[in-house]
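# Observations on the model geometry
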Amino acid sequence: MNHSTIVGGSTAKRVINCPGSVALVAKMPPKPSSKYADEGTLLHNVIAEIVMSGLPPEHYLGTKYEDQVLTQELIDNKLKPALAALDEIDPKQEMEIEAETSVNFGDLLPGVFGSTDLIGRIGNRAVVLDWKFGDGVAVEVEENMQLMFYAAAAMRTDAAKWAFEGVTEIEMVIVQPPAVKRWVTTPKRIAEFELQLVQAVKMSEKKTAPLRSGDHCRWCAAKPVCPQMTGAVERALQTTIDNLDPPTIATYLKNADMLEQWITDLRALALQLLESGAKLPDYKLVAKRAIRSWTDEDKAKVALFAFGLTESEVLETSVISPAKAEKALKKRKQALPDGLVVAISSGNTLASADDPRPEVMLLGKQLTVALSKLQ
Ligand code: SF4
């Protein structure tokens, strides 16, 4: 998906709180996509098709995006709860809807645009809905700047105005299965937000644009080099990324190692305290995501066969791993024969110079992009 390099829905909160981040983020090498991001894109693409076509989710089984494939598990765990949430919002199916609409601010903010997941209208109420398929951070809906951005941009976009003209209420909805969060606001609040956004974007164009840290830093791509993060505020404010030399990056990596250990230990301590009954302001214990398993495998097999599933559909078999095979053979005083096993690295990782593993030689696309940013 194409994103604005100035501000979009997902970056609105960061830019409003930290106008200086726009210039800093622009100097960072592009982040490669991840399995989770690709899975999210796949689910967004498919649900947009479902709501517009009315076809059942199973019709899209096997749909692909990059390496991600739509499975029955994704349909059951993500798409069906999300579609059920839509029924909850619009039980009589009277809402006019439009999925995946490109929205922008025209001449007011050139280069600022985004794409709404779903906009709708029921009577005098406009609806702006965002699907969140990640299991990570629970997203709050009240005063959510991503949704306010979409509402403000949609109100200025010819193709989306129909949902907003003459409305007295604007309902923001976040569907993050199994949660559905709703917040009703007004066109006046969206106009106030737009003013705030315009001021932040204008401020971001100045050399003196301030950097302000806060919870909006979580997804900021400039975090590794941000003066607010490295602590070297005075020195780094006079330093540009262009001048960030390799020895400085190496020093920051050492700090990162220390910080990672500090964070791990702090989290372990906090968990220990909460589990011992202590209270920590703003934190609580929650159960980890439940993993479904059969209460009785034999009964489950009987039930599934009774539904007509075949043996190959119900039973999974796979060969044990080379490590397990080696262990089993060792007990019989035998070794694995040559030529049966191949070892393939899943990718590269960072290591200090004294690590005993040999150095990987590569000059791939990412490295080229990264170096071009440093020159
Ligand atoms: S890490 Fe935080 S303070 Fe630094 S540029 Fe990003 S948003 Fe601003």
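Residues numbered from 1 in each chain as written. Predicted model: local features only at pLDDT ≥ 70, side-chain atom pairs only at ≥ 80, totals over all residues. Heavy atoms only, no water.

Another aspect to go through is the overall build of the protein chain. Looking only at helices and strands, the protein chain has 13 helices and seven strands in total. By its C-alpha atoms, the protein chain is 80 × 65 × 50 Å across when sized along the principal axes. Taking all 375 residues of the protein chain together, the buried fraction comes to 31%. At a minimum sequence separation of 6, the contacts of the protein chain that also span at least 24 residues come to 62%. A total accessible area of about 25,500 Å² is found for the protein chain, and carbon and sulfur atoms account for 56% of it. Computed over 43 positive and 49 negative side-chain charges, the inter-centroid distance for the protein chain is 5 Å. (Helix = DSSP H or I, 4+ residues; strand = E, 2+ residues; numbered from the N terminus. Buried < 20%, exposed > 50% of the residue type's maximum accessible area, 1.4 Å probe, protein only. Contact = heavy atoms within 4.5 Å. Areas by Shrake-Rupley, 256 points an atom, 1.4 Å probe, with all protein chains shown as cover. Lys, Arg positive; Asp, Glu negative; His and termini not counted. Charge placed at Lys NZ, Arg CZ, Asp CG, Glu CD.)

Right, let's get into helix 4 (residues 72-89). With 18 residues, helix 4 extends 25 Å from end C-alpha to end C-alpha; this agrees with the ideal 26 Å at 1.5 Å per step. Leucine 79 marks the point of greatest bend in helix 4, at about 35°, and the proline proline 81 comes within the next four residues. Of all the residues in helix 4, the buried ones are Leu74, Ile75, Lys78, Leu79, Ala82, Leu83, Ala85, Leu86 and Ile89. Looking at the buried side of helix 4, the elements it contacts are helix 3 (35-53), strand 2 (68-69), strand 4 (113-122), strand 5 (125-131), strand 6 (169-176) and strand 7 (179-185). (Expected span 1.5 Å × (residues − 1). Bend = angle between axes of the 7 residues up to and from the residue.)

Following the criterion strictly, the structure yields 14 salt bridges and no others. For the salt bridge of glutamate 58 with lysine 80, the shortest nitrogen-to-oxygen distance reads 2.9 Å. Taken together, the residues glutamate 58 in the loop between helix 3 and strand 1 (64-65) and lysine 80 in helix 4 connect sequence positions 22 residues apart. The partly exposed category is assigned to lysine 80, whose relative accessible area is 35%. The shortest N-O distance in the salt bridge between glutamate 169 and arginine 125 comes to 2.8 Å. Of the two residues, glutamate 169 sits in strand 6 while arginine 125 sits in strand 5, which places them 44 residues apart along the sequence. (Salt bridge = Lys/Arg side-chain N within 4 Å of Asp/Glu carboxyl O.)

Our next topic: empty space enclosed by the protein. Under the definition given, this model contains one cavity of 30 Å³ or more. The volume enclosed by the largest cavity comes to roughly 100 Å³. As for the largest cavity, its lining consists of 15 residues, of which Cys18, Ser21, Cys217, Cys220 and Cys226 are closest to the centre. In terms of residue class, the lining of the largest cavity is made up of eight nonpolar, four polar and three charged. (1 Å grid on protein atoms, 1.4 Å probe; cavity = no way out; pocket = protein on both sides within 12 Å on 5 of 7 lines; lining within 4 Å. Points joined across faces, edges and corners; volume = space filled by probe spheres on them. Nonpolar A, V, L, I, M, F, W, Y, C, P; charged D, E, K, R; others polar.)

What the domain assignment lists for the protein chain is domain 1 (9-204), domain 2 (245-278) and domain 3 (297-331). Placing a centre on the C-alpha atoms of domain 1 and another on those of domain 3 gives a separation of 42 Å. (Domains from an automatic or database assignment.)

To continue, consider the nonpolar core. Residues Phe149, Phe164, Ile170, Met172 and Phe193 are the most contacted members of the largest nonpolar core, which totals 36 residues. The element that contributes the greatest number of residues to this core is helix 5 (residues 145-155), accounting for nine residues. With 26 residues, the next largest nonpolar core counts Tyr60, Ala85, Trp131 and Val173 among its residues. (Core = buried A, V, L, I, M, F, W, Y, C linked by side-chain atoms within 4.5 Å.)

Positionally, valine 51 belongs in helix 3. Judged by relative accessible area, which is 15%, valine 51 ranks as buried. For the pair valine 51 and leucine 83, spaced 32 residues apart in the sequence, the C-alpha separation amounts to 8.2 Å. The residues contacting valine 51, other than those within four sequence positions of it, are Leu83, Leu86, Ile97, Ala99, Leu118 and Trp131.

This paragraph deals with the packing of helix 5 against helix 6 (residues 187-204). Following both chains from N to C, one finds helix 5 and helix 6 inclined at 100°, their axes separated by 9 Å at the closest point. Overall, the two elements helix 5 and helix 6 adopt an arrangement that is roughly perpendicular. Together, Met145, Met148, Phe149, Ala151, Ala152 and Met155 of helix 5 and Pro187, Arg189, Ile190, Phe193, Glu194 and Leu197 of helix 6 make up the contact between the two elements. A class-by-class count of the residues in the contact of helix 5 with helix 6 yields ten nonpolar, no polar and two charged. (Axes fitted to C-alpha atoms, helices over the stretch in contact; angles between N-to-C directions. Parallel < 35°, antiparallel > 145°, perpendicular 65-115°, else oblique.)

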